[in-house]
Every structure is written in structure tokens, then in C-alpha cells.
Amino acid sequence: MELEAMMTRARRGLREERRLYVVAVSSLAVAFLSVGGALLAMQNLSRLADRWGQSARMTVYLAEGIEAADRTQLQITLESLPEVASLRHLSGAEAREEFLAHAEVDSSLAALPADAFPASFEVELAAGTAPARAATIAERVGELRGIDDIETYQGWHERLAALVRAGRGVAGALTFLVLLCVVAVIGNTIRLAVARRRDEIEVMKLCGATDRFVRGPFVLEGAFQGLLAAVLSVLVLMAAFAALRGAFDASLAALAGTRTVFLHPALLAAIILSGGLLGAAGSAVSLRRYLQV
Amino acid sequence: MAKRKEGARPFAFFRAGARADAVSTAKPILVLEDVYKYFREDHPTLRGVNLVVERGEFCFVTGPSGAGKSTLLQLIYRKHTVDAGRILFCGRDIARLREKSIPFLRRNLGIVFQDFKVVRHWTVQENVAIALDILDMPRRLVRSRVGEALERVGLEGRGGERTENLSGGEMQRVAVARAIVTEPALILADEPTGNLDPHLAIDILTLFEEIHATGTTVLFATHDHSLIAKRNHRLISIDEGRVLEARQGLASWRSDAPPAPAEEPVTPADNPRPVLRPGLHAVS
Ligand SMILES: Nc1ncnc2c1ncn2[C@@H]1O[C@H](COP(=O)(O)OP(=O)(O)OP(=O)(O)O)[C@@H](O)[C@H]1O
Ligand SMILES: [Mg+2]
């Protein structure tokens with residue numbers, strides 16, 4: 001088969017130009033790695049944002065010296081709201097203990113006075129409560145007697161969401177940049193390979209080789225380089241993730257009750273596949289310019 | 001010239017799967033009609049070349065440096081296109097071939113150059129096999145055909161050697177093997193002995209004559225007069241872009257141009273090698 005002859009020549013090309021190709025593959029692997037890393041960071045960041053958006057919470061801080069009757073009345077009112085899923089009362093002392101337990105503290109913090117934290121109701125809103133709805137509830141509750149302040153964490157959520165949006169933009173720009181970079185690097189490498197194999201190209205053309213026959217191996221070589229670079233970058237990303245996830249997981253669990261996740265296998269497959277396709281495309285672009293058949 | 005109707009696909013012959021029909025086999029293999037080639041506007045390299053080469057002829061093409069010998073051959077394998085006139089190969093006008101069909105024209109030609117044009121880092125086997133790989137021939141057949149061709153050029157058993165380790169004469173034999181392995185109808189040799197010493201030049205010439213003896217048409221460009229004088233082949237002399245027939249071959253014999261005596265005539269009867277079937281390739 002013609003394809004067989006092309007594969008044989010492509011293999012030979014890869015072997016003979018291996019120094020050239022090792023340089024190309026390693027620089028492309030770094031490029032793919034940066035995209036993979038950005039995607040991984042974005043994925044976890046947006047998961048965190050989603051999680052915060054979904055599990056709307058609010059903390060209702062009670063005024064100092066609130067009457068027990070007022071507090072009970074407040075609790076009943078809050079519990080009667082349909083959006084409120086659960087309610088927990090936290091005295092100032094309890095809040096202090098919880099803080100100290102979480103903050104793996106040094107002893108200077110342990111010297112905090114007992115009344116450093118105000119008493120509060122920790123309100124868990126029903127899953128799926130929109131942030132806007134949570135804000136209205138907070139406003140209404142805020143008018144009740146005996147309340148000092150209400151924290152809806154909406155500011156936090158907004159800031160995180162903005163971060164995710166910015167991150168998506170950066171990841172998109174980076175992907176586009178890497179796309180260009182892959183096409184340029186492979187194109188340049190193939191241009192060099194074409195120059196080095198000028199004599200055999202001439203011989204083939206004089207023997208009646210078609211365009212396809214002459215170009216095919218170069219396209220295969222480009223595709224292979226792109227594929228190899230993508231596979232390498234995925235492997236490095238996996239290794240880095242395995243090594244670093246422990247450190248992130250502890251703080252993420254404390255912060256939002258989530259764990260880091262790796263990229264979906266389908267996304268990994270897409271990265272590898274696009275590596276191959278980009279390699280082939282870069283090679284084809286270069287051949288069009290530098291190989292007049 | 002009267003226009004001939006050749007159907008919707010006049011160049012089907014050069015395409016994959018086409019077969020040479022009886023008509024094209026009977027025609028002269030090569031006809032040049034009033035061919036002009038300009039590389040500079042004011043000064044044509046070839047001016048009004050008329051030439052008929054019959055099937056099975058051996059022709060020397062000679063002339064001073066810059067006369068246009070190489071240009072003539074390059075027009076035949078469509079490195080360049082004529083600016084006026086026609087070149088008919090097996091009755092088909094190759095100037096009208098589309099770019100896409102040029103490979104199929106070249107598959108019917110064997111081309112040999114002064115500078116060998118072998119791939120130096122390939123083995124001898126690979127250099128010859130490439131011509132058959134292009135035809136998409138099965139591996140097993142390629143091996144046996146390459147072996148056969150190497151035997152014909154006197155390089156039997158040397159297929160595994162790297163070509164760059166060979167001597168100049170041996171490299172040219174590799175190039176000849178590559179040219180004949182596809183059994184083309186026409187061999188174009190552009191000063192194939194130009195880089196070789198006189199003794200080797202005779203060897204290579206003899207090799208072409210052996211190939212010719214099996215029925216292949218050969219155009220052999222050279223400006224080596226000692227080589228031409230040793231043989232009684234038809235002599236096509238080019239000067240200032242015009243063709244002068246100095247010595248006629250068998251097919252276009254004229255009584256006013258008696259052939260020069262041959263010192264070492266090589267006839268098919270002298271050739272002990274098996275006769276292959278040169279001719280037109282139907283590429284599949
Ligand atoms: N590609 C080209 N572009 C411009 N001029 C060309 C080209 N090819 C040939 N010529 C010109 O055409 C003329 C004939 O060249 P050609 O190579 O055919 O000569 P030749 O008879 O083969 O000479 P030699 O014996 O030195 O090989 C020369 O004047 C050359 O400069
Ligand atoms: Mg020349």
C-alpha cells in the first residue's frame with residue numbers, strides 16, 4: 001500500500017531527524033503543559049465557585065446582650081422561612097473554639113478573650129437558592145430586632161466568580177497562543193526537515209511521485225510530534241497533580257468542603273487528539289509554503 | 001497540424017490504470033514539432049526544433065555547452081513547458097498535460113543525470129526501490145525487481161551498502177538501475193558520463209547500449225566526442241538552439257548521410273542478457 005511506503009519513510013524521517021524533533025517535541029510539551037495546567041486550575045476554581053454559589057449560607061450575628069426571648073423569637077421566624085434548610089445557634093464561646101480548632105493556631109491567638117466573637121445563627125439556605133434571593137432574605141431578616149449584622153458571603157462569591165471569568169479569559173488566550181505556537185514550531189521543524197531532504201524529494205519527483213506521496217510522510221511526522229508532545233504534557237500534568245493535590249485538598253476541604261479533581265478523561269483525549277491534528281496542520285501549512293511539488 | 005479527436009480524456013494514457021492502445025504503440029515514441037523555448041525574451045534557447053525518435057532508437061544528443069541539450073531533455077520530462085510547438089510522447093502532447101498528470105508522464109521515463117541524483121544516505125536497494133514504491137508495488141515484487149535491475153547494472157548483491165560509500169561509477173550504475181527498474185519506454189540520460197573518467201564512461205555507455213538492446217529507446221546527451229566517435233548511433237546535434245542531424249539512425253535513414261563506421265557495434269544478438277519487456281507502464 002502507498003500508505004505503508006509513506007509510514008516507512010515517516011519512521012525513517014523521525015529517526016534521522018530525531019535531534020531536531022526532540023527539541024520541537026519538548027518545547028511543544030511545555031506549551032501543552034501550560035494549557036493543561038491552566039485548564040486544571042480553571043476547572044477547580046470554577047468548581048469552588050459553583051459550590052459556593054449553590055450552598056448559599058448566611059451568618060446572622062446577634063446584637064450584644066440580646067434577650068433570650070428575642071433570640072427564641074428570631075429562631076422561630078428564621079425557621080419558618082421556606083428557603084432556610086437548617087439553623088444552628090453558635091454562642092460567642094463556641095465560635096471562638098471553632099475558630100481556634102480550624103486555624104491550627106499558635107498560642108498567641110489562644111489568648112483571645114472569650115467574648116472576642118459575637119453569638120450568631122449559622123443559616124444554611126436550601127440548595128439552589130439564588131444569590132439574589134439570599135440577599136432579599138438577608139434584607140428582610142435584618143429588620144428584625146436583636147440583630148447586629150448579616151453576612152451573606154455574596155461579596156466573596158462575586159469576587160470568586162470574577163476571578164473565574166478572568167481565568168477563563170486567560171486560559172482562552174493561552175490556548176490560542178499555544179495553538180499558534182504549535183503550528184509555528186512544527187511548521188518550522190518541517191521546513192528544516194524538507195530542506196535537509198531536498199535531494200530525496202527531487203529524486204522522488206523525477207521518478208513520478210505524486211504530491212501526496214512526497215508530502216504524506218512529512219504530515220505524518222508533524223502529527224506524530226504534536227501527538228507525542230501532548231501525551232508527554234498530560235503525563236507530566238498527572239504526575240504534578242498527584243504530587244501537589246495533598247497540599248491543596250486540606251485547605252479546599254476546610255474552605256469549601258470540596259476536593260481537587262483532575263481533568264476529565266474526555267478532555268485529556270481531546271488535548272492529545274488536538275496535538276496530533278495541530279501537528280499535521282502545522283506540517284501541511286509549512287509544506288504548502290516551502291515544498292513546491 | 002490537423003486537430004485530432006481523442007475523446008474526452010486525451011491524456012488518459014498517463015493516468016493510473018490506463019493501458020497503451022495499439023495506435024499509440026505504432027506511433028513514433030517522441031515527436032518534436034517546431035519547439036521553441038525562451039528563458040530570455042530576446043534569445044530563445046531552442047528555436048524551431050523538429051525531431052522524430054522512433055521506438056527502439058539509440059540517439060546521441062550533442063552540441064557545445066549551453067546549446068540546449070539539457071533544456072531539450074527537460075522539456076520532455078516536463079521540468080519546463082514549451083513556449084511554442086508541440087512535444088508528442090507516444091502521440092500525446094505533453095505540453096498540455098495538467099500539473100497533476102506530470103508524475104504519470106515521468107513514470108514512463110527513466111532519467112539519468114551527470115550528478116547521479118542518488119540519495120547518498122540511503123542504501124543501494126532503497127535508491128532503486130523508490131521508483132517502484134512510487135508505483136505502489138507490493139514489497140516482494142519490489143525486492144525481486146530491484147535485484148534484477150542491480151544485476152543488469154553489475155551491482156548484484158550490493159543492495160545493502162550505503163550509497164555514499166560507492167565510487168562515482170557505481171553510483172551512476174545505481175542511478176541507471178533506478179531508471180530501468182520500472183522498465184520505461186524511454187530513457188533520458190543527461191551527460192551521464194560527465195563526472196566519470198573515460199574508461200568508466202565507456203562502461204556506462206555500454207550499459208545503456210545493453211538496455212537499448214532489450215528494446216528501450218535511449219536519448220543520450222553528451223558533448224564527449226571520443227564517446228560519440230566510438231559508436232555508430234544516430235547523432236542529434238544541437239547548436240544555437242537548432243537541431244542538425246549529423247548522422248542518421250536506422251529509422252530516418254537518408255542516402256546523403258552515410259553512417260559513420262562503428263568501432264564496437266553492439267547489436268541485440270551480441271547481448272546475452274534476457275530481454276525484458278520495456279514499454280509503456282500501465283500504473284495500477
Ligand atoms: N532554468 C533556466 N533559466 C534560465 N536560463 C536557462 C535555464 N536553463 C537553461 N537556461 C539557459 O539555456 C541555455 C541552454 O542551457 P542547457 O543547460 O540546455 O545547455 P546544455 O547544452 O545542456 O549545456 P551543457 O553542455 O553545459 O550542459 C543556456 O544559455 C542556459 O543559460
Ligand atoms: Mg546540460
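Residues numbered from 1 in each chain as written. Chains lettered and ligands numbered in written order. Predicted model: local features only at pLDDT ≥ 70, side-chain atom pairs only at ≥ 80, totals over all residues. Heavy atoms only, no water.

Visitor: Describe the interface of chain A and chain B, listing the residues and the values that go with them.
Guide: Of the residues lining the interface, 19 residues belong to chain A; the matching set on chain B comes to 20 residues. Interface of chain A and chain B: buried area, both sides summed, is about 1800 Å²; carbon and sulfur atoms make up 59% of it. Where chain A touches chain B, the interface holds three salt bridges. With a closest N to O distance of 3.2 Å, arginine 139 of chain B and glutamate 4 of chain A form a salt bridge. Seen at the junction of chain A and chain B, the total is seven residue pairs in polar contact (both at pLDDT 80 or more). Those elements that provide at least two residues to the side of chain A that touches chain B are helix H1 (2-16) and helix H8 (198-206) of chain A. (Contact = heavy atoms within 4.5 Å. Buried area = accessible area lost by both parts, 1.4 Å probe. Salt bridge = Lys/Arg side-chain N within 4 Å of Asp/Glu carboxyl O. Polar contact = N/O pair within 3.5 Å; in protein donor to acceptor, adjacent residues only side chain to side chain. Helix = DSSP H or I, 4+ residues; strand = E, 2+ residues; numbered from the N terminus.)

Visitor: Could you give me a rundown of the confidence of the model for chain B, with the residues and numbers involved?
Guide: All names here are of chain B. Mean pLDDT over chain B stands at 81; residues scoring 70 or higher make up 77%. Counting contacts from residues 249-284, a segment whose pLDDT is below 50, to residues more than four positions away or on other chains yields 62 contacts. Per the prediction output, this complex has pTM 0.75; the corresponding ipTM is 0.79. (pLDDT = per-residue confidence, 0-100.)

Visitor: Break down the pattern of salt bridges for me, with residues and values.
Guide: Residues and elements named next belong to chain A. In total, this model carries 17 salt bridges over all chains according to the counting rule given. Its salt-bridge partner being glutamate 221, residue arginine 197 comes within 2.5 Å of it at the nearest N-O pair. Of this pair, arginine 197 sits in the loop between helix H7 (154-196) and H8 while glutamate 221 sits in helix H9 (residues 211-256), and the two are 24 residues apart along the sequence. Judged by its relative accessible area of 0%, glutamate 221 is buried. Put simply, Glu17, Arg196, Arg197 and Glu221 are held in one network by salt bridges that share partners. (Buried < 20%, exposed > 50% of the residue type's maximum accessible area, 1.4 Å probe, protein only.)

Visitor: Mind laying out a positive patch on the surface, listing which residues take part and the relevant values?
Guide: Residues and elements named next belong to chain A. Together, Arg11, Arg15, Arg18 and Arg19 give the surface a local cluster of positive charge. For the positive patch, the elements supplying multiple residues, two or more each, are H1 and helix H2 (18-54). For arginine 11, the location among the structural elements is in helix H1. (Patch = residues over 30% accessible without salt bridge, like charges linked within 9 Å, V, L, I, M, F, W, Y side chains within 5 Å. Areas by Shrake-Rupley, 256 points an atom, 1.4 Å probe, with all protein chains shown as cover. Lys, Arg positive; Asp, Glu negative; His and termini not counted. Charge placed at Lys NZ, Arg CZ, Asp CG, Glu CD.)

Visitor: I'd like a rundown of the site of ligand 1, residues and numbers included.
Guide: Residues and elements named next belong to chain B. Taken together, 13 residues surround ligand 1, and among them Ser65, Gly66, Lys69, Ser70 and Thr71 come closest. A distance of 3.0 Å is found between an oxygen atom of ligand 1 and a side-chain nitrogen or oxygen belonging to glutamate 191. In isolation ligand 1 has 630 Å² of accessible area, and contact with the protein removes 59% of it. Considering each element in turn, the shell around ligand 1 owes the most residues, three residues, to helix H2 (residues 69-76). (Near = heavy atom within 4 Å.)

Visitor: Account for the domain arrangement of chain A, with residues named and values stated.
Guide: Domain assignment breaks chain A into domain 1 (2-52 + 157-290) and domain 2 (55-153). Just the C-alpha atoms count here: the centres of domain 1 of chain A and domain 2 of chain A sit 50 Å apart. (Domains from an automatic or database assignment.)

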